[in-house]
Every structure is written in C-alpha cells, then in structure tokens.
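# Summary of the model geometry
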Amino acid sequence: MASIAQLWLPTLLSAVAVFIASSILHMALKFWHTSDYKGLANEDEVGAALRKGGAKAGMYAIPYCRMEDMKKLETKVKFKDGPVGLLILRRPGPMKMGPSLIQWFVFCLIVSVFCAYLAASTLPVATPLIQVFRVVGTIAFMAYAFAAIPMGIWWGQPWKIVIKDVIDGLIYGLVTGALFAWLWP
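Here is a short report on the structure shown in this document.

## Considerations on a nonpolar patch on the surface
Together, Met59, Ile88, Met142, Phe146, Ile149, Ile153, Trp154, Trp155, Trp159, Ile163 and Ile167 make up an exposed nonpolar region whose accessible area comes to about 1200 Å². Elements with a contribution of two residues or more to the nonpolar patch: helix H7 (148-154) and helix H8 (159-182). Relative to the helices and strands, Ile163 is located in helix H8.

## Brief notes about the packing of aromatic side chains
In the structure shown here, the tally under the stated rule is seven aromatic pairs. Each member of the aromatic cluster is reached from another via a ring pair, and the members are Trp104, Phe107, Tyr144 and Tyr172.

## Looking at the packing of helix H5 (residues 97-122) against H8
Their axes nearest at 12 Å, the elements H5 and H8 cross at an angle of 50°. On the basis of their axis angle, the class for H5 and H8 is oblique. The crossing of H5 and H8 is right-handed. Contacts between H5 and H8 pair Trp104, Ser112, Cys115 and Ala116 from the former with Tyr172, Thr176 and Phe180 from the latter. Along the lines of polarity and charge, the residues of the contact of H5 with H8 split into five nonpolar, two polar and no charged.

## Notes on the pattern of salt bridges
Considering all chains together, one arrives at four salt bridges under this definition. For Lys164, the salt bridge identified is with Asp36, shortest N-O distance 2.6 Å. Of the two residues, Lys164 sits in helix H8 while Asp36 sits in the loop between helix H2 (30-33) and helix H3 (43-52), which places them 128 residues apart along the sequence. The class for Lys164 is buried, based on a relative accessible area of 7%. Relative accessible area serves as the criterion here: at 11%, Asp36 is assigned to the buried category. Here Asp81 makes a salt bridge to Lys80, at a shortest N to O gap of 3.6 Å. Among the residues examined, Asp81 registers a relative accessible area of 54% and is labelled exposed. Of the residues examined, Lys80 reaches a relative accessible area of 71% and is grouped as exposed.

## Description of the side chain of Thr176
With respect to the helices and strands, the residue Thr176 is situated in helix H8. If we ignore the near neighbours within four places in the chain, the residues touching Thr176 are Ser14, Val18, Cys115, Val136, Ala140 and Tyr144.

## Quick word on helix H6 (residues 129-145)
Here H6 is 17 residues long and its end C-alpha atoms lie 23 Å apart, about the 24 Å a rise of 1.5 Å per residue gives. Buried within H6 are the following residues: Val132, Val136, Gly137, Ile139, Ala140, Tyr144 and Ala145. Those residues of H6 that are buried lie in contact with helix H1 (8-28), H5, H7 and H8.

## A word on the environment of Arg91
For Arg91, the location among the structural elements is in the loop between strand E2 (85-89) and H5. On the basis of relative accessibility, which here comes to 70%, the residue Arg91 falls in the exposed class. Along the chain, Arg91 and Ala147 lie 56 residues apart, while their C-alpha atoms are 24 Å from each other.

Rules and cut-offs
- Residues numbered from 1 in each chain as written.
- Predicted model: local features only at pLDDT ≥ 70, side-chain atom pairs only at ≥ 80, totals over all residues.
- Heavy atoms only, no water.
- Patch = residues over 30% accessible without salt bridge, like charges linked within 9 Å, V, L, I, M, F, W, Y side chains within 5 Å.
- Areas by Shrake-Rupley, 256 points an atom, 1.4 Å probe, with all protein chains shown as cover.
- Salt bridge = Lys/Arg side-chain N within 4 Å of Asp/Glu carboxyl O.
- Helix = DSSP H or I, 4+ residues; strand = E, 2+ residues; numbered from the N terminus.
- Phe/Tyr/Trp six-rings, centres within 6.5 Å; stacked < 30°, edge-to-face > 60°.
- Axes fitted to C-alpha atoms, helices over the stretch in contact; angles between N-to-C directions.
- Parallel < 35°, antiparallel > 145°, perpendicular 65-115°, else oblique.
- Left-handed = near helix turned anticlockwise from the far one by under 90°.
- Contact = heavy atoms within 4.5 Å.
- Nonpolar A, V, L, I, M, F, W, Y, C, P; charged D, E, K, R; others polar.
- Buried < 20%, exposed > 50% of the residue type's maximum accessible area, 1.4 Å probe, protein only.
- Expected span 1.5 Å × (residues − 1).

Just distances and angles here, no functional claims.
Printed below as a string of structure tokens:
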C-alpha cells in the first residue's frame, strides 16, 4: 500500500488546483454563478425591518415555528400565504474575502488529505493510473458535491443552483483524481 507521506505532493497540488479551478468558475466565468443570487426590490425596507427587529448574525426560518405548531391553523396560513424560506445573516461590516478564501483552501486541503488517506489505505503502489483516478476522483467528487444536495431538499435552494454546485464538485473531483493518478507512486 502507498503511504500518506508518499502522497504529500498530490495532496497539496490537488488542493491548490481545486482552489484555482473554483476561482475560475466563480470569478472568471461570470456567467456560471452570477445568477445564483437575487436582490429584493425593497432591500432597504427589509434591511430596516430586520435591524428594527433586532436580527443578529444567524440562520432564520420564515415562518418560524416548532414542530408542535405545524398543525395549528395560524401556522398553516403563514406557510400558505408565504413567504417561506431560510435567511442567513452575517455580521455587519464589509465582506472580507481573505478569511473566506483561507477557509476554502483549508477545506480543499482537508478533502485532499482524506483522499490521500483512503487511497493509501485501499490502493497498492503499482495500481493502474485509471483506477487511482476513478477511486480518488469519486472520493473527491462526493466530498465537494454531495453537500449541495440537502440544500435543495431541505432548505429550498433552487435545483438549478444545486446542479451547478454538483457540476463544480464533479470538476473538482476530476482535477483531484487526475493529479493523484499523475503523481501516484
């Protein structure tokens, strides 16, 4: 079996390559993700109402109810009349890309480390490159893509966006699998 130590280079390079690929998908190919979010026509009024209501950073459901309230008529009316959704608020202040990009790179590195761990645990040193590509690519695809699916199922994220996120994950999986296959010991 290969060791994780032998896989340090594909681990690091695949994290860097996925970071670069994601930057291309999100910044250079503007058509791909720019339509994912929409603004509210009355954004200023909604922001003022949230501030007046004391909303802090966190995740909010509208309408908010407990499971035992789901059968109450007033709760059913709120769901019927809408809006129904999930609101995520960040702390006030300018958007700081640096910390988010660092966290994203650390996540890419963690995914690559787990890919290396599973590959080293299951694949012999002389494994054919196509098999390394398939195994590592599948692991990476699952890590990058599958978290998007519950967002569509449970949180109402539009399926068009979920599908784009899964396609992003497929690209990241292919990049990771290719680098591990190319640099397999």
